[in-house]
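A structural walkthrough
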Amino acid sequence: MKRRDFVKSTLIGVPLLSGESLLSGAKNKSQEAGLSADNRRCRLRDLGIKIGNLDPGPANAITDIQGVKVGHTTIINGKGPKAVRTGVTVILPHEESICEENLFAAFFNLNGWGEMTGISSLAKTGRLKTPVFLTGTYNVGIVYSAALKYLTELNPRMGNAAPLVSPVVAECFDDFLSDTMSRQISEEDVFEAIRQAKSGPVEEGAVGGGTGMTSFGFKGGIGTSSRKVLGDFCVGVLVMANTGSRDHLRMDGVPVGKEIKGYSYRTEKTKSIILVAATDAPLLPYQLKKLAKRVGMGLAQTGSYSNTESGDIILAFSTGNKIDMCESRPFSPIRACDDFALGPIYQATVEATQEAILNALTSAETMIGRDGNTAFGIPLDQVQEIMKKYGRIGDRIHE
Amino acid sequence: MNREKNAITDLEGIKVAHLTVSQDILNSTGDKASIRTGLTAILPYPMEKELRLFMECFNLRGKNESTGYEVVDDFCYLNSPIVLTNPFNVGVAYNAVLSYGFSLDRVEIWPPLIVGIDDSFLNDITVSHLDEKDILDTFYKASQGPVEQGSAGIGFGLRAYGYKGGIGTASRVIELDGRNFTCGVLIASNHCNPLEPSGGSFTLVVGVDMPLVPFQIRAIVKSLMFKLSSIFFPENPSDDITCIFFTTANSMTMGGEGPLIYDFQMIKDSHREEIVQAAKEAVIEALVNSLLKATPVQGREGRKCATIPEGDLATLIKTIV
């Protein structure tokens, strides 16, 4: 079933838009809030900074994996103690109904001080059966309910003739900028993010689930990057970055965090990063687990040491095999890469992860949030100067 | 030997509450829908305190959602009510646990531990949405008294061995080193007839007050699962079992408020089997209680679930003991 073929909802209590499906119509809140208007922000590569040796895919984003789509709903309301800076980001893993065609997936709990629901099933079956939702810590219950309604609409037989699916909803704690206890996210906001999901370039920084996040002592949020590898294959990474302290921030090995002057603010320990990697290389779950571990190495290269109170949770999936859940034959063909050919894929993963996290920083603009708390966007002029000083911009020769 | 209540609430500080919902409604297409569901909450310690208890969660096949997976997997601790409800209410129950934590004079309760149990044989699962306020009230009214068994809470829509299943509970005393320890069990008995494709799952909540550390709990749970293989049908791929096992001894304080170094006790590994044996007995008694105390329920599409006849129960007990 294609997404455009959604049947009208048969659910009770689901807020339908004038008799339409959950996923039709409506407007984009992030556009309303004028978030993409800050032209001063840009991606890491636009500053002339390249991470690693491999080339990125056309959009340098997780959406370079054929079929992967990303959508955001950004919620920016009020100021003072009631300021809300939150949202939800959704990654749709492929074009077909994920309920009917599962993907191989793996999960790596680098530091488990966080929540990613749906993992009991994913860890046991090695399969991703739902989109991936990223949001603020206390929004998880509401997003979970909405995700389940979406999945029921996608597959009306679910819970009746078809097996139940547990949605994957992951979180970071956005309370420095947002009155997160108020949980001002609605199920409609989640459906809106799904409606907004598209391939091609991905909006980054203070958008979707990343709206209220801070990272390495600066404004953080959503970032993404990709690498082409082994000919036609691609590895893409998308992060919701809310981790790391400023002193430790490194870009391509340069201790940028120590060199930057000014822009400091007091913050509680920043917490958590959710990292999602996708590839079109046909990998089996145990291989994806190995890939997921390499995502952790990319995180380490930005200077994080995975603090106790940072929920650093990694999910990896492959679109290289689509497991048809309606298949009745006892055997179906699948493909798998040779383990000994995976080296370049690991390299791609580490490079893309590092760049995705740094893209979140360079893309996110300064934000004033709860109680006037301010998270500054990392000063790009200083970043460029520092990287020049260390010979990372301009005449650097790659080996 | 069991404690006075012969229930999981024989463990000091543990409270249980049920929310049961029975309603006949029309769904959006005008068809009749039967809501036969509920929620059972086990509060492992007085929730206004800020404690973390050591725990492990075993799951055979991953059919049951259990939230809080990452913290249990990596930090091995429990800081939340254990909430058993149907999969479509995992989200609202999650949100209710957060609200409950915010309402108490303590740091947040996080992460919520919600287990989704498929009650779709009797319950129109996709329309059976619980109300967050009702769930909150359930937490507030949880008590240390005797536990209602059978068709109560999440047990209302459950079915086991082709008959009405539900909630059962039991306890055992473990004598060791001149002291009496308690092992308390609560079970949600639910699984399919092996000939039916729609899945089922047993959910066990086991608490002890013996000083254990996480790797010991893991070993005990694995042993226990082997010993209990006769109570469900591991050969049926749609059958599942989830076991949450915790100890109320050796607790730590949340939020780094406690000491830098905790002085704990640890049981000798050679005594682990005594705990396994006590837990096994209590689980089987709880299972039998869940069947014995259940009342018949008619639900979705007119399906009826009768209580188990004495003869069948006797045969079952012979098979599983």
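For clarity, every value in this text was computed on a predicted model and none was experimentally measured. The written sequence of each chain sets the order in which its residues are numbered from 1. Throughout, the order in which chains and ligands are written sets their labels, letters from A for the former and numbers from 1 for the latter. Per-residue local features of the predicted model are confined to residues with pLDDT of at least 70, and side-chain atom pairs are confined, for both listing and counting, to 80 or more; whole-chain, interface and lining totals are unaffected and use all residues.

1. Observations concerning the overall build of chain A
Helix and strand assignments come from DSSP, with helices taken as H or I runs of at least 4 residues and strands as E runs of at least 2, each series counted from the N terminus. Each helix and strand counted, chain A has eight helices and 14 strands in total. Once C-beta atoms are placed from the backbone, each residue is buried if 20 or more other C-beta atoms lie within 10 Å of its own, exposed if 12 or fewer, and partly exposed for counts between those two. Taken across its 399 residues, chain A has 59% of its residues classed as buried. A pair of residues counts as a contact when their C-beta atoms, built from backbone coordinates, are within 7 Å of each other. Pairs at least 24 residues apart make up 81% of the contacts formed inside chain A by residues separated by at least 6 positions.

2. Brief notes about the overall build of chain B
When helices and strands are tallied, chain B shows six helices and 15 strands. Throughout, the radius of gyration refers to the C-alpha atoms, and the reference size of a globule is 2.2 Å times the residue count to the power 0.38. Relative to the globule expectation of 20 Å for 321 residues, the C-alpha radius of gyration of chain B, 19 Å, shows essentially globular dimensions. Dimensions along the principal axes, computed over C-alpha positions, put chain B at roughly 60 × 45 × 35 Å. Taken over 321 residues, chain B has a buried fraction of 58%. A sequence separation of at least 24 residues applies to 78% of the contacts in chain B between residues at least 6 apart.

3. Comments concerning helix α4 (residues 214-227) of chain B
The periodicity of an α-helix, 3.6 residues per turn, causes residues three or four places apart in sequence to face the same way. Given the number of residues in a helix, its expected span is that number minus one, multiplied by 1.5 Å. Look at α4(B): 20 Å from first C-alpha to last across 14 residues, which is about the 20 Å you get at 1.5 Å a residue. Close packing links the buried residues of α4(B) with β3 (51-59), β12 (239-247) and α5 (272-292) of chain B.

4. Side note on the nonpolar core
Inside soluble globular proteins, nonpolar side chains tend to come together where they are buried. For the purposes of this analysis, a nonpolar core is taken to be any set of buried Ala, Val, Leu, Ile, Met, Phe, Trp, Tyr and Cys residues that are connected through C-beta atoms within 7 Å. Counting residues in hydrophobic clusters, the biggest one holds 211 residues, and the most contacted among them are A:V143, A:V239, A:A316, B:M55 and B:V185. Excluding residues within four positions of it along the chain, A:A316 makes contact with A:A105, A:A106, A:A277, A:L288, A:L291, A:A292 and A:V295.

5. A short note on helix α4 (residues 187-196) of chain A
Among the ten residues in α4(A), nine count as buried, and that is most of the element. The complete set of buried residues in α4(A) reads A:E187, A:D189, A:V190, A:F191, A:E192, A:A193, A:I194, A:R195 and A:Q196.

6. Here we look at the confidence of the model for chain A
The share of residues in chain A with pLDDT of 70 or more is 87%, and the mean pLDDT across the chain is 87. Across residues 1-39 of chain A the pLDDT falls below 50, and counting only partners more than four positions away or on other chains, this stretch makes 61 contacts in the model. For every residue, the pLDDT score states the predictor's confidence, bounded by 0 at the bottom and 100 at the top.

7. So, the interface of chain B and chain A
Taken together, the contacts link 36 residues of chain B with 36 residues of chain A. For the side of chain B that touches chain A, the secondary-structure elements that each account for two or more residues are α1 (69-75) and α2 (90-103) of chain B.

8. A few points about the sheet that holds strand β5 (residues 132-136) of chain A
All names here are of chain A. Strands are treated as partners if at least two bridges between them are detected by DSSP. Spatial strand order, β1-β2-β5-β6: four strands in an open sheet with mixed pairing. A strand with exactly one partner marks an edge of an open sheet, and here the two such strands are β1 (69-77) and β6 (168-172). Neighbour to neighbour, the strand axes of the sheet diverge by 15 degrees on average, direction disregarded. Only the contacting stretch of a helix is used when fitting its axis, a line to C-alpha atoms as for every element, and angles between N-to-C directions run 0 to 180 degrees. Helix α3 (residues 140-154) contacts β2 (84-92), β5 and β6 of the sheet and is inclined by roughly 160 degrees relative to β6. Contacts from α4 reach β1, β2 and β5, with the element oriented near 140 degrees to β1.

9. Examining the sheet that holds strand β12 (residues 311-324) of chain A
All names here are of chain A. Strand order across the open sheet formed by six strands is β4-β3-β12-β11-β10-β9, with mixed pairing between neighbours. Unpaired on one side and paired on the other, β4 (127-128) and β9 (221-229) mark the two borders of the sheet. Two elements, strand β10 (residues 233-241) and strand β11 (residues 273-279), share seven bridges in a ladder whose sense is antiparallel. Note on β11: the bridge partner recorded for V239 is L275. Contacts from helix α6 (residues 285-301) reach β3 (101-112), β10, β11 and β12 within the one sheet, and its direction differs from that of β3 by about 40 degrees. Running at roughly 150 degrees to β9, helix α7 (residues 343-363) makes contact with β9, β10 and β11 of the sheet.

10. Comments concerning the confidence of the model for chain B
Per-residue confidence for chain B gives a mean pLDDT of 92, with 96% of residues at or over 70. Model confidence for the complex: the whole-complex pTM is 0.89, and ipTM, which rates the interface, is 0.87.

11. Describing unusual backbone geometry
Residue and element names in this part refer to chain B. Going from W110 to P111, the amide bond is cis rather than trans, its omega being 0 degrees. With phi around 60 degrees, C76 is a residue other than glycine that occupies positive phi space. Examined against the element boundaries, C76 turns out to sit in the loop between α1 and β4 (77-78). Taking the C-beta count within 10 Å as the criterion, C76 has 20 such neighbours and is therefore assigned buried. The phi dihedral of E301 falls on the positive side, at around 50 degrees, and the residue is not glycine. Looking at the element boundaries, E301 is found in the loop between β14 (297-298) and β15 (304-305). Take E301: there are 13 C-beta atoms within 10 Å of it, and that puts it in the partly exposed class.

12. Some remarks on the pairing of strand β6 (residues 113-116) of chain B
Both faces of the sheet carry side chains from a regular strand, because those side chains alternate between them. Residue and element names in this part refer to chain B. Residues L113 and V115 point to one face of β6 and I114 and G116 to the other, with burial holding for every one of them. Bridge count for strand β5 (residues 82-85) against β6 is four bridges, and the pairing is parallel. Its bridge partner lying in β6, L84 is registered against V115. Crossover handedness for the path β5 to α2 to β6: right-handed. Call a crossover right-handed when, viewed with both strands pointing away from you, the route from the first strand across the helix to the second goes clockwise.

13. Notes on the environment of B:G166
Residues and elements named next belong to chain B. Position of G166 among the secondary structure elements: in strand β9 (residues 166-176). Exposure remark for G166: the 32 C-beta atoms within 10 Å place this residue in the buried category. Distance in space between the C-alpha atoms of G166 and Q149 is 7.2 Å, their sequence separation being 17 residues.

14. What about the packing of α3(A) against α4(A)?
If you want to describe how two helices pack, look at the angle between their axes and the distance between the axes. All names here are of chain A. Put simply, α3 and α4 touch, their axes get as near as 8 Å, and they point 55 degrees apart. Regarding the angle of α3 to α4, the classification is oblique. In the crossing of α3 with α4, the sense of the turn from one axis to the other is right-handed. Contact residues: I142, V143, S145, A146, A147, K149 and Y150 in α3; E187, V190, F191 and I194 in α4. Throughout this description, any angle smaller than 35 degrees is read as roughly parallel, any larger than 145 degrees as roughly antiparallel, any in the 65 to 115 degree range as roughly perpendicular, and the remainder as oblique. Handedness of a crossing follows from how the near helix is turned relative to the far one, being left-handed for an anticlockwise turn of less than a right angle and right-handed for a clockwise one.

15. A few points about the packing of α2(B) against helix α3 (residues 132-140) of chain B
All names here are of chain B. Packing of α2 against α3 brings their axes to within 9 Å, and their N-to-C directions diverge by 55 degrees. Compared by their axis directions, α2 and α3 come out oblique. Taken as a pair, α2 and α3 cross one another with a handedness that is right-handed. Counting all contacts with α2, which are made through V92, A93, N95, A96, S99 and Y100, the residues of α3 involved are E132, I135, L136 and F139. Throughout this entry, Asp, Glu, Lys and Arg are counted as charged residues, while Ala, Val, Leu, Ile, Met, Phe, Trp, Tyr, Cys and Pro are counted as nonpolar. The remaining residues, Gly among them, count as polar. Broken down by class, the residue content of the contact of α2 with α3 amounts to seven nonpolar, two polar and one charged.

16. Examining the environment of A:I378
Residue and element names in this part refer to chain A. Take I378: it is sitting in the loop between β14 (374-375) and α8 (380-389). C-alpha separation for the pair I378 and T362, spaced 16 residues apart in sequence, amounts to 6.2 Å. In this structure, I378 is in contact with F218, L361, T362 and V383, ignoring residues within four places of it in sequence.

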